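Secondary and tertiary structure notes
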Amino acid sequence: MGVYEVLQIIIPSAIFFAAPLIFTALGGVFSERSGVVNIGLEGLMVIGAFVSVVFNLTFADRFGELTPWLALIVAMVVGAIFSLLHAVASITFRADQVVSGVAINFLALGLSLFLVKKMYGKGQTDQIQVGFDKIDVPVLSHIPVIGPLFFSNTYIPSYIAIIFAFVAWYVIYKTPFGLRLRAVGEHPMAADTMGINVTKMRYIAVMISGALGGIGGAVYATIISRDFSHATISGHGFMALAAMIFGKWHPIGAMGAALFFGLAQSLSIVGQSIPFLKNVPTVYLLIAPYVLTILALAGFIGRAEAPKALGTPYIKGKR
Amino acid sequence: MSSSRLTNFLVPVLAVLLGVLVGSIVMLVSGYDPIAGYSALLYGAFGDNYYIGETIRQTTPYILAGLAVAFAFRTGLFNIGVEGQLIIGWLASVWVGVAFDLPKVIHLPLAILAAAVAGALWAFIPGFLKAHFKVHEVIITIMMNYIALHVSNAIIRSVLSNQGFKSEKIHETASLQSEFLQSITDYSTLHYGIIVAVIGAIIMWFLLEKTTKGYELRAVGFNQHASHYAGMNVKRNIILAMVISGAFAGVAGAMEGLGTFGNISVKAGFTGIGFDGIAVALIGGNNAFGILLSALLFGALKVGALEMPSSADVPTELVDIVIALIIFFVASSYLIRLLLSRFKKEGK
């Protein structure tokens, strides 16, 4: 097997595994840039996966090919609403943001499994019948060498994820909204003095992270697992969190890290069919994202600086 | 303020009550009978000797996991990595239990010690990084959890078994299992671990409240700068706090390895005990005695839940919802404190 054939297996599957991580990691960027720690990304993905699968199973007959897209939108909305719990607890009631995130994770899994048992009488849903189609991107897929690697035989949500990372970059770094968002996360008191509503900004940021986490979970469930059970989302939210940190709280960096983690994930699965990877124990690939994140944080791979006010509730008038 | 002590006691109690209340609303809304649900839960936790035995068995690792989280909290650290330290401790205890042939008086303590050391080493890494590189321990410990999960699975497959899914059973000399405790509880899986857990609680209380080192650790947790000016070695104290917390977590793993299961299997996901430990510590007010009570509460919730599907038709996950709600309410204690102070003012 030549290098090109190997790449033809690895690259599409890396993009395939990265899509849910990119969405969720971008959600994390919004929330944490505003100063709110979001460990609940895992739970938000769980909710997104659950909602999208249930929607898909229930309405596949009525909406046909449109179903997975509508499911994404519904998952996005429900994710945003669910994240309000985290917002209320950690912004208004000044709860410890990490503890509140842990509660989000517990609640998401408990509630969705409770409802699955209530609705289907068993711990796991059926397989969904209508998913996204694999496409070849017009024009681009005909480029020699690169075309078949990057633009053939992949799912549209993967491209949306990558495009969205650039949109997020534009929003955070080039718009007044983004400037306010970052100001609130670095120095909320200064931002407040300049007339920015800190509470409102943080609520919006947390809800964006809920929406994106919901999409991430929905994409994972629709493309990769195709059903919902207790093990559907197992650590992907935390891996997205890791991608966000590895990407230094920057949208493009987070996307790059998510693609890289997607690559590690895909290698741990397809690695067995690739000659020179066959002898590498999969455990190294499985732990790679986490080890790299620790190294990045410790400053071995460039210093990762968190937003200054991350994790501290803003109390008006307190110095 | 003498009433602050009362408030500290009332906050967790109210959080539990609110959690149970909202849980019953969830049951009502989804068409179940909350009274039947909660009676099934109570019966499943304390209904007869067997259930009591199971509840105490479940309480055992919860106590130690709660102590681990609480010890870190008291010293100003948030150890979310209890889950990973617990898995590594479990692995180490089973490894020692399988690999050696020793008399029980040496073998059993050695296996528990191995678990404590393994957990402590796993927690040393985030402690070291926090102390020397100022890296937040929450993120590192989360990452360490996943590394622990995958590494322990790999070791179980390639070292403790021949590409199998579980290790051999530990030798009798390293086991915490007890015919006596099983026979008085209608052959539940109750084991001597509960004694280890209670001793752990006493050690934590003594260490934090009665020793100079414990005072130092708490001081560093309160105010690093003040401690530094007072001549304490802040970095070493941070690492020490993390290591002790990890040791408790490792011993919690030994309870599963040497007591409940007697071996270790490849895991698809986390045990959840480490994460539940966060709830145990919060409800227990981060003090040793409170943790004994809250661990019992969570042990009863988890074991009692198993009875709910058969006798009240309620899915066991209801209990996970209730636990999540309790964590929310404790975390939002600002809300409860606000309500309490309003209530008091109106009372006057």
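Check the entry above for the structure.
Predicted, not measured: the structure shown is a model, and the values here were computed from it.

Our focus in this paragraph is the environment of A:Gly110. Position of A:Gly110 among the secondary structure elements: in helix H4 (residues 97-120). Given the relative accessible area of 2%, A:Gly110 is considered buried. Sequence-wise, A:Gly110 and A:Ser141 are 31 residues apart; in three dimensions their C-alpha atoms are separated by 43 Å. A:Gly110 has contacts with B:Glu317, B:Asp320 and B:Ile321, leaving out every residue within four places of it along the chain.

What follows concerns the pattern of salt bridges. The full count for this structure, using the stated rule, is 10 salt bridges over all chains. Residues A:Lys316 and A:Asp192 are paired through a salt bridge, measuring 3.2 Å at the closest nitrogen-oxygen approach. Taken together, the residues A:Lys316 in the segment after helix H12 (282-297) and A:Asp192 in helix H8 (residues 188-193) connect sequence positions 124 residues apart. The partner of B:Lys130 in a salt bridge is B:Glu137, with the nearest N and O atoms 2.9 Å apart. A relative accessible area of 2% means that B:Glu137 is categorised as buried.

Here we take up the layout of surface pockets. Its volume calculated, the second largest pocket comes out at about 1,500 Å³. Along its surface, the second largest pocket is lined by 42 residues, and A:Leu310, B:Lys130, B:Lys134, B:His136 and B:Glu137 are the ones closest to its centre. Only helix H1 (3-33) and H4 of chain A together with helix H5 (104-133), helix H6 (137-160), helix H9 (212-222), helix H10 (224-229) and helix H11 (234-260) of chain B provide two or more residues apiece to the lining of the second largest pocket. Grouping the constituent residues of the lining of the second largest pocket by class yields 21 nonpolar, 10 polar and 11 charged.

Quick look at the side chain of B:Ser175 now. Mapped onto the fold, B:Ser175 is located in the loop between H6 and helix H7 (179-184). Setting aside residues no more than four positions away along its own chain, B:Ser175 makes contact with B:Lys104, B:Leu108, B:Ile170 and B:Leu258.

How each quantity is defined
- Residues numbered from 1 in each chain as written.
- Chains lettered and ligands numbered in written order.
- Predicted model: local features only at pLDDT ≥ 70, side-chain atom pairs only at ≥ 80, totals over all residues.
- Heavy atoms only, no water.
- Helix = DSSP H or I, 4+ residues; strand = E, 2+ residues; numbered from the N terminus.
- Buried < 20%, exposed > 50% of the residue type's maximum accessible area, 1.4 Å probe, protein only.
- Contact = heavy atoms within 4.5 Å.
- Salt bridge = Lys/Arg side-chain N within 4 Å of Asp/Glu carboxyl O.
- 1 Å grid on protein atoms, 1.4 Å probe; cavity = no way out; pocket = protein on both sides within 12 Å on 5 of 7 lines; lining within 4 Å.
- Points joined across faces, edges and corners; volume = space filled by probe spheres on them.
- Nonpolar A, V, L, I, M, F, W, Y, C, P; charged D, E, K, R; others polar.

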